Amino acid sequence: MTPVRITGAVVAAVSVTMAFLSLVLYNSKKPKNTSLPSTKTPRNGLVGAIGNTPLIRINSLSDATGCEIFGKCEFLNPGGSVKDRVAVKIIEEALESGDLAPGGVVTEGSAGSTAISLGTVAPAYGCKCHVVIPDDAAIEKSQILEALGATVERVRPVSITHTDHFVNIARRRASEANELASMHRKEEQKNGKALDQVNGFHYDEEKQLFPRSCPGGYFADQFENLANFRAHYEGTGPEIWQQTGGNVDAFVAAAGTGGTIAGASKFLQERNPNIKCFLIDPPGSGLFNKITRGVMYTKEEAEGRRLKNPFDTITEGIGINRLTKNFLMAKLDGAFRGTDKEAVEMSRFLMKKDGLFLGSSSAMNCVGAVRVAQSLGPGHTIVTILCDSGMRHLSKFYNAEYLSKLDLTPTACGLEFMGFG
């Protein structure tokens, strides 16, 4: 047998082949890390950090219902809530239109989250913030606002038709700031002097709500200002669509101003009319009746048996008894009623099972997600909004003594409060 001659070229070819095979085998055994974040450029300041929040699978609810239930983590915005988006849109549009003067004061009547977002965002635009808040809102919300440098007025809760409703007071404060700024401008034009130098006038800044240098005010008007709707139509909705790859069957959320549910639902249904959008409504709110029956109140309520203060709920910031301009933009297929007890139980369940520390409206939204899953059946993809965390709900929603007085102490071991054994 003739011996085989092994040339240098053959040796080289065999060596390269072996090296390649070794590399392939190594890579096949090496664990793949698919969780590494993609490279992103730094965001531009605080405002640039708002939006593009993660969409997470809520594992416990998904596993229990057989649906894929996702929550949009709005509590990861810099101001801690979904309202950061609204604050940015309102201020930017007001500055662009000239309705808000540079360095002016933004006023708002808010139960908390929008106020905190405005207090967070306004300084980034060189503006001040003045907030009127009902005195039954969790005290930590006022404390956060004051720490942010906002001026806070706490007032008694009354009907929106009352002149001293917190929203109506906030509207007046903007007018007062504008009147003050106008007075200063007129006097300076007339006499070339500041107001406190004219005719012996003394401006006592300690007794005034606004400094004499205030260039004017702007009422944010989150309930009727369609910048609220646009923030979600242009931001939240498109993000949900992109993050799900368009694979979404239903969207559900509660409504306060109505901006979130309106903006997101309208965008999603424009992309795919088959996406079902639902409202989850807390106790005392008339929106459930409006969606399901066409009226804001039941027959019994129409006959005069409505509560004087129908907002008898611990889920702050959601539920309303009027149709706002923002809510009227919503595209809804139905509504579900949630209870305070369900929201409390849901918040504790999610903390225990998923490590999610959620606020009251976020918990109610998750109640809504389960209701939608039960209605549609297994195999559907459902998205809701995790509006804020539990950090600003410690004195009420997470206060055992407070809940005990209202007979809302959580007792469930699992999801039996939603009908699961």
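Quick look at the structure, then. Given the structure is predicted, the values throughout are model-derived calculations rather than measurements. (Residues numbered from 1 in each chain as written. Predicted model: local features only at pLDDT ≥ 70, side-chain atom pairs only at ≥ 80, totals over all residues. Heavy atoms only, no water.)

All right, on to the packing of aromatic side chains then. For the structure on display, the rule yields five aromatic pairs. When the ring of Phe 278 is compared with that of Phe 336, the centres are 5.5 Å apart and the planes differ by 50 degrees; the resulting orientation is tilted. Separated by 58 residues along the polypeptide, Phe 278 in strand S8 (residues 276-281) and Phe 336 in strand S9 (residues 334-337) bring together distant segments of the chain. On the accessibility criterion, Phe 278 (8% relative accessible area) is buried. Through a chain of ring-to-ring contacts, the aromatic side chains of Phe 229, Tyr 233 and Phe 267 assemble into a single cluster. In this arrangement the basic side chain of Arg 348 is found over the ring face of Phe 397, its NZ or CZ atom lying 5.5 Å from the centre. (Phe/Tyr/Trp six-rings, centres within 6.5 Å; stacked < 30°, edge-to-face > 60°. Helix = DSSP H or I, 4+ residues; strand = E, 2+ residues; numbered from the N terminus. Buried < 20%, exposed > 50% of the residue type's maximum accessible area, 1.4 Å probe, protein only. Lys NZ or Arg CZ within 6 Å of the ring centre and 35° of its normal.)

Let's shift gears to unusual backbone geometry. Non-glycine residue Asp 221 carries a positive phi angle of around 55 degrees. Turning to its location among the elements, Asp 221 is positioned in the loop between strand S6 (217-219) and helix H8 (227-243).

In this section: the side chain of Glu 74. Note that Glu 74 resides in the loop between strand S2 (68-73) and helix H4 (83-97). For Glu 74, a relative accessible area of 0% translates into the label buried.

Of all hydrophobic cores here, the largest spans 37 residues; its most connected members are Ile 58, Leu 61, Ile 69, Met 346, Leu 350, Cys 366 and Ile 382. Take this core: its biggest share by element is eight residues, from helix H13 (residues 360-376). Excluding anything up to four places from it in sequence, Met 346 contacts Leu 61, Ala 363, Cys 366, Val 367, Val 370, Leu 415, Phe 417 and Met 418. (Core = buried A, V, L, I, M, F, W, Y, C linked by side-chain atoms within 4.5 Å. Contact = heavy atoms within 4.5 Å.)

Taken as a whole, this structure holds 18 salt bridges when the rule is applied. We note a salt bridge from Glu 239 to Arg 85, for which the minimum N-O separation is 2.8 Å. Of the two residues, Glu 239 sits in helix H8 while Arg 85 sits in helix H4, which places them 154 residues apart along the sequence. Taking the relative accessible area as the measure of exposure, Glu 239 reaches 9% and is therefore buried. Two residues, Asp 281 and Arg 337, come together in a salt bridge whose shortest N-O distance is 3.5 Å. On the criterion of sequence distance, the pair formed by Asp 281 in strand S8 and Arg 337 in strand S9 is long-range, its members being 56 residues apart. Exposure remark for Asp 281: the relative accessible area of 0% places this residue in the buried category. One salt-bridge network, in which partners are shared between bridges, spans Lys 72, Glu 74, Arg 85 and Glu 239. (Salt bridge = Lys/Arg side-chain N within 4 Å of Asp/Glu carboxyl O.)

Moving on to the sheet that holds strand S1 (residues 55-57). Strand order across the open sheet formed by six strands is S1-S2-S10-S7-S8-S9, with mixed pairing between neighbours. Each edge of the open sheet carries a strand with a single partner, namely S1 and S9. Put simply, the sheet's adjacent strands are angled 25 degrees from each other on average, direction ignored. Two elements, strand S7 (residues 250-253) and strand S10 (residues 381-386), share three bridges in a ladder whose sense is parallel. Opposite Phe 251, over in S10, you have Val 383 as the bridge partner. Across the sheet, helix H9 (residues 259-271) lies against S7, S8 and S10, angled at about 165 degrees from S8, the strand it touches most. (Pairing = 2+ DSSP bridges. Axes fitted to C-alpha atoms, helices over the stretch in contact; angles between N-to-C directions.)

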